[in-house]
Amino acid sequence: MGFSCGIVGLPNVGKSTLFNALTQTASAQAANFPFCTIEPNVGRVAVPDERLDTLTKLVNPQRTLPTSLEFVDIAGLVEGASKGEGLGNQFLGNIKECDAIAHVVRCFEGEVTHVSGNVDPLRDIGVIETELMLADMAVAEKRLANVSKKANSGDKNAKLEADTLTPILAALNEGKPVRTVLPGLTDDEKKQAAHYQFLTSKPLLYVANVEEENAATGNALSEKVKAHAAENGAACVVISAEIESQIAQLDDAERAEFLETLGLKQPALNLLIQEGYKLLGLLTFFTAGVQEVRAWTVRSGSKAPQAAGAIHTDFERGFIKAETIAYEDFVSSGSEAKAKELGKQRLEGKEYLVKDGDIFHFKFNV
């Protein structure tokens, strides 16, 4: 099951540098000119999880596999992208294919040329979000015009579309993203809205990219981004993409020493990945045996058969029961056998809602 987070922003804000650090590769060219990334680069990164390390120590398996998250480095948007400026149509299409958006905002001065000539993070945020809303507005207006006549004549499907699109278009005309409308829609309307893949309906995380010396504390510009995020119910991570790209190239011992000199407890990338994971409404369950300890991903609200299906479709199709131990119970018991002995293992059926940290053995028959 793949989940992707698109990295967006104006040109020369540090998107490709951040992507290179995330994937620990140089596959995305980082250069001092706009549109250095023409095709979206895709990389899968492990989701840091201390629980996986703890389970590995307790079980001592042959191998340990983390779960992962996909990041897509999307070339820089510019003002007018919704009308095709700067290859805008292509880039907006790339965003549409992602599940969430990580909006990189430049919060550093320096020699790297800013596309607007000076650094102003709130202005930059406004440019990107306006272009995304204009693109959504064009979709909503066109579709609403197509269904209005049918809706007025009593067509139920057309009426559902019209009832869904009308408040969405009203919000966009007021400068509000689609995500602000979704909580007020009915379940059927939410399903309908999902079909349009509105860009501003996607969960949003701001990434305030600061200079190296402010990697641990942030700066005045990043504080503006954090305040904007708080006002709009969004998350924000402060990061120095340049520092993170250096950290990513170090071995474990060098990395720990370097982080200490910077006053950081862990790479900020860890927090970015974890925030992206939460942004998508995901949770982790584990399988733990002598051959393999592994983390798996499902959406929050998934039931036990869906978790089984994340491992193999046959597991979901032939699901019978799930032997389940909570992570805390497994760790406090010290082993699976001891947890069973203490009565910490449960048998759960098809309606069981997966909890973050559950350790499963699935019973199935196909």
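In short, a report on the structure. (Residues numbered from 1 in each chain as written. Predicted model: local features only at pLDDT ≥ 70, side-chain atom pairs only at ≥ 80, totals over all residues. Heavy atoms only, no water.)

**Let's talk about the pairing of strand S5 (residues 100–106)**
Here S5 lies mainly inside the structure; seven of its seven residues are buried. Alternating residues of S5 divide into Ala100, Ala102, Val104 and Arg106 and Ile101, His103 and Val105, and every residue in both groups is buried. Sheet analysis places strand S1 (residues 4–8) next to S5, joined by four bridges and oriented parallel. By the bridge assignment, Ile7 is partnered in S5 with Ala102. By the bridge criterion, six bridges tie S5 to strand S6 (residues 204–209) in an arrangement that is parallel. (Buried < 20%, exposed > 50% of the residue type's maximum accessible area, 1.4 Å probe, protein only. Helix = DSSP H or I, 4+ residues; strand = E, 2+ residues; numbered from the N terminus. Pairing = 2+ DSSP bridges.)

**Brief notes about helix H10 (residues 268–279)**
Counted at 1.5 Å a residue, the expected span for H10 with its twelve residues is 16 Å, and the 16 Å between its end C-alpha atoms agrees. When you tally the buried positions in H10, you get nine out of twelve residues, the bulk of the element. Buried within H10 are the following residues: Ala268, Leu269, Asn270, Leu272, Ile273, Glu275, Gly276, Tyr277 and Leu279. Immediately downstream of H10, the backbone of Gly281 shows phi near 70 degrees, a positive value. (Expected span 1.5 Å × (residues − 1).)

**Description of the packing of aromatic side chains**
Under the criterion given, the structure shown has nine aromatic pairs. Seen from the ring of Trp296, Arg294 lies directly overhead, with NZ or CZ sitting 4.0 Å from the centre. (Phe/Tyr/Trp six-rings, centres within 6.5 Å; stacked < 30°, edge-to-face > 60°. Lys NZ or Arg CZ within 6 Å of the ring centre and 35° of its normal.)

**Describing the pattern of salt bridges**
Here the structure, examined in full by the defined rule, presents 16 salt bridges. Between Glu292 and Arg63 there is a salt bridge; the shortest N-O distance is 2.6 Å. Taken together, the residues span a long stretch of sequence, with Glu292 in strand S9 (residues 292–299) and Arg63 in strand S3 (residues 63–65) at a distance of 229 residues. A residue is classified by how much of its surface remains accessible, and Glu292, at 17% relative accessible area, is buried. Under the relative-accessibility criterion, Arg63 is labelled partly exposed at 46%. The partner of Glu223 in a salt bridge is Lys226, and the shortest N-O contact between them spans 3.7 Å. In this pair, Glu223 and Lys226 are both assigned in helix H7 (residues 220–231), three residues apart and thus about one turn of the helix distant. You can call Lys226 partly exposed: its relative accessible area is 38%. One continuous salt-bridge network, built from bridges that share partners, spans Asp49, Arg51 and Asp356. (Salt bridge = Lys/Arg side-chain N within 4 Å of Asp/Glu carboxyl O.)

**As for the sheet that holds S6**
Across the sheet, which stays open at both edges, the six strands sit in the order S2-S4-S1-S5-S6-S7 with mixed pairing between neighbours. The sheet terminates laterally at strand S2 (41–46) and strand S7 (235–239), the two strands that pair on one side only. Between one strand and the next, the sheet's axes are offset by a mean angle of 25 degrees, whatever the strand orientation. Judged from the five bridges that link them, S6 and S7 form a sheet pairing that is parallel. Bridge pairing in S7 places Ala208 opposite Val238. Packed onto the sheet, helix H1 (residues 15–23) meets S1, S2, strand S4 (68–73), S5, S6 and S7 and runs at close to 40 degrees relative to S2. This element, helix H4 (residues 121–152), spans S5 and S6 of the sheet and lies at about 145 degrees to S5. (Axes fitted to C-alpha atoms, helices over the stretch in contact; angles between N-to-C directions. Contact = heavy atoms within 4.5 Å.)

**Focus on the side chain of His103**
Counting through the fold element by element, His103 comes out in strand S5. Leaving out residues up to four positions away in the same chain, His103 has contacts with Val8, Gly9, Asp124, Ile125, Ile128, Glu129, Leu204, Leu205, Tyr206 and Val207.

**Here we look at H1**
Along H1, nine of the nine residues are buried, which leaves the element largely enclosed by surrounding structure. Inspection of H1 places Lys15, Ser16, Thr17, Leu18, Phe19, Asn20, Ala21, Leu22 and Thr23 among the buried residues, and these make up the whole buried set.

**Topic: the pairing of S9**
In terms of burial, S9 is a largely internal element, six of the eight residues being buried. With three bridges joining them, S3 and S9 adopt parallel strand pairing. Looking at the pairing, Thr64 lines up with Val293 of S9. Sheet topology places strand S8 (residues 282–288) next to S9; seven bridges connect them, and they run antiparallel. Note that in S9 the partner of Phe285 across the bridge is Trp296. Here S8 hands over to S9 after three residues, the two strands then running antiparallel side by side.

**Topic: the packing of H1 against H10**
Two measures define how a pair of helices packs: the angle their axes make with one another and the distance between the axes. Between H1 and H10, whose axes approach to 11 Å, the crossing angle comes to 90 degrees. Judged by the inter-axis angle, H1 sits roughly perpendicular to H10. Between H1 and H10, the residues in contact are Leu18, Ala21 and Leu22 and Leu269, Leu272 and Ile273, respectively. Grouping the amino acids of the contact of H1 with H10 by side-chain chemistry returns six nonpolar, no polar and no charged. (Parallel < 35°, antiparallel > 145°, perpendicular 65-115°, else oblique. Nonpolar A, V, L, I, M, F, W, Y, C, P; charged D, E, K, R; others polar.)

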